[in-house]
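# Examining the three-dimensional arrangement
Given next are the chains, with one letter for each unit.
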Amino acid sequence: MVIGCLCIHGFTGSPYEVEPLMSYLEDHTDWKIVAPILPGHGEEGTLLHITYQQWIDAVEEALESLVADCETIYVVGFSMGGLLAAYLATKYPIDKLVLLSAAAYYVNIRQLLIDIREMAADGIKGHLQDNTLYQRYRKKIMDTPVSATKQFRMLVKHIKPRLKDVHNPTLIIQGECDGIVPTKSAHYIFKHIGTEDKKLVFLDSSPHHVCHGPDFEQLVEEISTFFEIL
């Protein structure tokens, strides 16, 4: 049996966001694993004039290629990629779905203020350029056109009502220290997703980028159990 796994990165991001998980799966399985770069993303990409429909079209094309080659299909989506993954599950024969920091809501004000205080402290010490969170926030703010943010919000509005149509086994994982996606997003998805076969896991110490967070061991343990990786 050939298993295919599609991994989808988030808004303004790249496959780097899910790379540690992909590496783990490559080391522990013989699956066909693909992670497309969404239109307008990546080092050479520009989000100007990109529409949310282009993101949908890109993940559909990647999934259709996997479906043609594989008998079993798993999809992992991170942040905005989590919503795209859920959307795919309403249209295609997906066997299992993993949603990481899925962005049904965006910007956790409370955690963002904590992060800003930490960045300010590093700035006073002259270490701001070494602060990983600062680099990520700066990139999002500096490199994201207003039109792209509008398209992201339109995507969320387009997909949230369709969560009820997801009937695939689903694992939802959310970091408690996420300054981008609030924990209420995970609660919302868990409540509104159509499947009865669902599990919600919170990672106590993880920020938004859960695949790069301190709870990675717990994350891969949960995913391994869900995917039945022996």
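In case you missed it, the structure is sitting above this.
Residues numbered from 1 in each chain as written. Predicted model: local features only at pLDDT ≥ 70, side-chain atom pairs only at ≥ 80, totals over all residues. Heavy atoms only, no water.

## Observations concerning helix H2 (residues 52-69)
Working note: α-helix, 3.6 residues per turn, so residues spaced by three or four point in the same direction. Across its 18 residues, H2 extends 27 Å between first and last C-alpha, which sits within 8% of the 26 Å expected from 1.5 Å per residue. Of the surrounding elements, those touching the buried residues of H2 are strand E1 (3-8), strand E2 (32-34), strand E3 (72-78), helix H3 (80-89) and helix H6 (146-159). (Helix = DSSP H or I, 4+ residues; strand = E, 2+ residues; numbered from the N terminus. Expected span 1.5 Å × (residues − 1). Contact = heavy atoms within 4.5 Å.)

## Quick look at the side chain of aspartate 178
Mapped onto the elements of the fold, aspartate 178 is located in the loop between strand E5 (170-175) and helix H7 (183-192). Residue classification places aspartate 178 among the buried positions, given a relative accessible area of 0%. At a separation of 2.7 Å, a polar atom in the side chain of aspartate 178 contacts the main-chain amide nitrogen of isoleucine 180. A polar contact of 2.8 Å, which involves the side chain of aspartate 178, links it to the side chain of histidine 208. (Buried < 20%, exposed > 50% of the residue type's maximum accessible area, 1.4 Å probe, protein only. Polar contact = N/O pair within 3.5 Å; in protein donor to acceptor, adjacent residues only side chain to side chain.)

## What to know about the packing of aromatic side chains
In this structure the tally under the stated criterion is seven aromatic pairs. Look at tyrosine 105 and tyrosine 188: their rings are 5.5 Å apart centre to centre, the planes differ by 90°, and that puts the pair in the edge-to-face class. Remark: tyrosine 188 occurs in helix H7 and tyrosine 105 occurs in the loop between strand E4 (96-100) and helix H4 (109-125); sequence separation between them is 83 residues. What makes tyrosine 105 partly exposed here is its relative accessible area of 28%. Ring-pair connections join several aromatic residues into one group, and the members of that group are Trp31, Tyr74, Phe226 and Phe227. A cation over a ring is seen here: lysine 96 above phenylalanine 226, with NZ or CZ 5.2 Å from the ring centre. (Phe/Tyr/Trp six-rings, centres within 6.5 Å; stacked < 30°, edge-to-face > 60°. Lys NZ or Arg CZ within 6 Å of the ring centre and 35° of its normal.)

## A word on the side chain of aspartate 215
By the element assignment, aspartate 215 lies in the loop between strand E6 (198-203) and helix H8 (216-227). What makes aspartate 215 buried here is its relative accessible area of 13%. Among all residues touching aspartate 215, those that are not within four sequence positions of it are Leu203, Asp204, Ser205 and Ser206.

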